[in-house]
Amino acid sequence: MIWSNNPDNTYKLKKLKDSHIRKAEKILGIQLPKEYIEILKEQNGGGIIYNAFPSPKPTAWDETSGYIDHILGIGKDSGILDTPYYIQEWEMPENIVLISGDGSEWIAFDYRFTKTNPPIIYLNNDSNEIITVANTFSEFISKLFVQENVEVIFEEEPQVTQLEVEQFIKENNVEELILAIDRISWDIDEMDQIDLDWYTDKLIQLSHHKDSDLRKSVIDAANVLDYLIDKETLHSI
C-alpha cells in the first residue's frame, strides 16, 4: 500500500474509470505505464506514506535523494492533465507528464524519446537541471522510502504590496502580475497591507486583459477566495 490515510488529501481525485485513462492518453498522446494505472485503480492520486526517492545527483532536498509526498492521479485540477499548463508556466520541456511536485520542483514521466515505458525524471526549474532518477515507474515506486531527520529550510516569500501591483499593471508586467495575484489569493488573510475591495477591483480589471494566462490566474484567485468575495463580484469576474 502506497497511499497515506491523511483525510485532508488535496490530490485525491474521483474514482478512476477506464474511460478516464483512454481520454488522458489521447489528450497527452502517450501510453501510461500499467504499474501507474494499477495503483491509481486503488486510489486516483493522493498523498503517499513515503517522503523521498534516491537520486544519483543532489537535489534541492538532499545530496543523495529528492522529496516527494504525493502522486498525481488522472484528471484535471491537481491531476496529470494540468501538465500542459505547468509546462507553459514554468517553461519546462514538452513531452513530459508531471506526476508530483509543485512550484520549481517536479517529478515526471519522460516521453521526450518514447511513447511508452518512460523513465522518471526530476526537474529543478530554479537550476534548470533534469535528473533521471529511475528507468521505469515500477523501479521508481519500489525505491521510495521515508527519510527522517532532514532539515528543510523554507525561504519566506516576500510580501506583495498594492503599490507593487499597481506598478506591474502600469508596466504590463504579466509574469509578475500572475505571481502577485497567486501569492495574494493564498495569503491575503495574513496580508494586512492588502485591502480586499482593492484586490477584487484589480481582479475584475485584469479579467479583461488580453493575456490568457493572466486571465486564468484571475479565475484561479477568485476560486480560492470564493469564501470572501460576494457572489455579484464573482459573477463579474
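Worth saying up front: this structure is predicted, and the values here are computed from it rather than measured. (Residues numbered from 1 in each chain as written. Predicted model: local features only at pLDDT ≥ 70, side-chain atom pairs only at ≥ 80, totals over all residues. Heavy atoms only, no water.)

Asker: Outline the environment of Trp198, supporting the account with residue identities and numerical values.
Answerer: Relative to the assigned elements, Trp198 resides in helix α7 (residues 196-206). Taking the C-alpha atoms as reference, Trp198 lies 43 Å from Leu40; in sequence the two are 158 residues apart. Not counting chain neighbours up to four residues away, the residues in contact with Trp198 comprise Gln162, Val165 and Glu166. (Helix = DSSP H or I, 4+ residues; strand = E, 2+ residues; numbered from the N terminus. Contact = heavy atoms within 4.5 Å.)

Asker: So what about the sheet that holds strand β5 (residues 96-102)? Which residues, and what values?
Answerer: Strand order in the open sheet formed by four strands is β5-β6-β7-β8, with antiparallel pairing between adjacent strands. Across the chains shown, the open sheet's two edge strands, defined by having one partner strand only, are β5 and β8 (129-134). Averaged over all adjacent pairs, the angle separating strand axes in this sheet is 30 degrees, with direction ignored. In this structure, strand β6 (residues 105-110) lies alongside strand β7 (residues 120-124), joined through five bridges in antiparallel fashion. Paired with Trp106 across the strands is Leu123, a residue of β7. (Pairing = 2+ DSSP bridges. Axes fitted to C-alpha atoms, helices over the stretch in contact; angles between N-to-C directions.)

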